[in-house]
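# Descriptive analysis of the structure
Next come the chains, spelled out residue by residue.
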Amino acid sequence: FVMYPQINIIDHALVEGGLKNITVVELELSLFVKQFDTNVEFGTCSKTLKGSGNTLSDAVKNAFSKISPNDNTYAYFFSKVKDKIKQYYRDNKEKMIKRARAMAEQQQYEQAFALLMTYPSSLEGSEDVLNVAIEIYKKYQNATCSAKIAQARTAISTQNYESAIEVLATVDSESSCYEESLELIEQIGTEIRDEQKRELELENKLIDNAMALESKRIDAIREIGVEYAKSYWQKKMSQVGENGIE
């Protein structure tokens, strides 16, 4: 979802008198909320503002400075839009889950996480969405663990044991490469110098209880989803900057 403003100057005039001429302006500020992918509008509100200043720019700034965050116009608008967005997620939860699973089947894991993580955690049904995200995360781990093992082996070959252990610590305990990751950690234990053995304390991170493991997965899912979303929206907003929102 994206909220964006539209500003229309209704009237402006130069008032002469005294030592300085004053520019007065009347403008309309409209706020729009849209679902970006579908371009469906979820709400809009408009309000007339007036301001004055030495120049037109100063007058517009003065008009904006008079906006009160406690204004009922905006409070009602945000409340109404919030309710509509919540209902959108309720109505589309199963579609989101189905779409995320389809993305995962095409190995578009980052997109799937970004989609699922948009579902509000305070909304009913969020547990179902989170369970699907963890289900996809396990597939993601299996799909990427071979690359992690290769990365760790490369680090070990150059005696960069700290880097190797950091990579191995991200291998999920239910992934197909977990046993191999433990073997590599044992290998590091035989090769590492005595003063470096403190780094092996990181091995304990691989032997978490179920609750800690789930928390770790959720954090990883959010991080992957957020990074993908940042990249996605930067691209989208650059397009908006070039073409505008239609």
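Now for a look at the structure at hand.

Conventions and cut-offs
- Residues numbered from 1 in each chain as written.
- Predicted model: local features only at pLDDT ≥ 70, side-chain atom pairs only at ≥ 80, totals over all residues.
- Heavy atoms only, no water.
- Helix = DSSP H or I, 4+ residues; strand = E, 2+ residues; numbered from the N terminus.
- Buried < 20%, exposed > 50% of the residue type's maximum accessible area, 1.4 Å probe, protein only.
- Contact = heavy atoms within 4.5 Å.
- Axes fitted to C-alpha atoms, helices over the stretch in contact; angles between N-to-C directions.
- Parallel < 35°, antiparallel > 145°, perpendicular 65-115°, else oblique.
- Left-handed = near helix turned anticlockwise from the far one by under 90°.
- Salt bridge = Lys/Arg side-chain N within 4 Å of Asp/Glu carboxyl O.
- Pairing = 2+ DSSP bridges.

## As for the environment of Tyr88
Structurally, Tyr88 can be placed in helix H2 (residues 72-105). We classify Tyr88 as partly exposed; its relative accessible area is 22%. Sequence separation between Tyr88 and Phe42 is 46 residues, and the spatial gap between their C-alpha atoms is 9.5 Å. The contacts of Tyr88, once residues within four sequence positions are left out, are Phe1, Gln35 and Phe42.

## Structural notes on the environment of Arg90
In this structure, Arg90 sits in helix H2. Residues Arg90 and Ser126, 36 residues apart in the sequence, show an inter-C-alpha distance of 9.7 Å. Excluding anything up to four places from it in sequence, Arg90 contacts Tyr119, Leu123 and Glu124.

## Remarks on the packing of helix H4 (residues 126-157) against helix H5 (residues 161-168)
Running from N to C, H4 and H5 cross one another at 165°; their axes reach a closest spacing of 8 Å. On the basis of the axis angle, H4 is roughly antiparallel to H5. The element H4 and its partner H5 pack so that their crossing is left-handed. When H4 is examined against H5, the residues Lys148, Ile149, Gln151, Ala152, Ala155 and Ile156 are found in contact with a partner set consisting of Tyr161, Ser163, Ala164, Val167 and Leu168.

## Observations regarding helix H3 (residues 109-116)
The element H3 is extensively covered by neighbouring structure, given that six of its eight residues are classed as buried. For H3, the full list of buried residues reads Tyr109, Ala112, Phe113, Ala114, Leu115 and Leu116.

## Some remarks on the pattern of salt bridges
A complete count under the given rule lists seven salt bridges for this structure. For Glu135, the salt bridge identified is with Arg101, shortest N-O distance 3.0 Å. Remark: Arg101 occurs in helix H2 and Glu135 occurs in helix H4; sequence separation between them is 34 residues. The exposure class assigned to Arg101 is partly exposed, which follows from its relative accessible area of 37%. Via salt bridges that share partners, Lys93, Glu94 and Asp128 belong to a single interconnected network.

## Let's talk about the pairing of strand S3 (residues 40-53)
Sheet analysis places strand S2 (residues 22-35) next to S3, joined by 13 bridges and oriented antiparallel. Counterpart to Val33 in the pairing with S3 is Gly43. Hairpin connection of S2 to S3: four residues between the antiparallel strands, including Asn39 at a positive phi of 65°.

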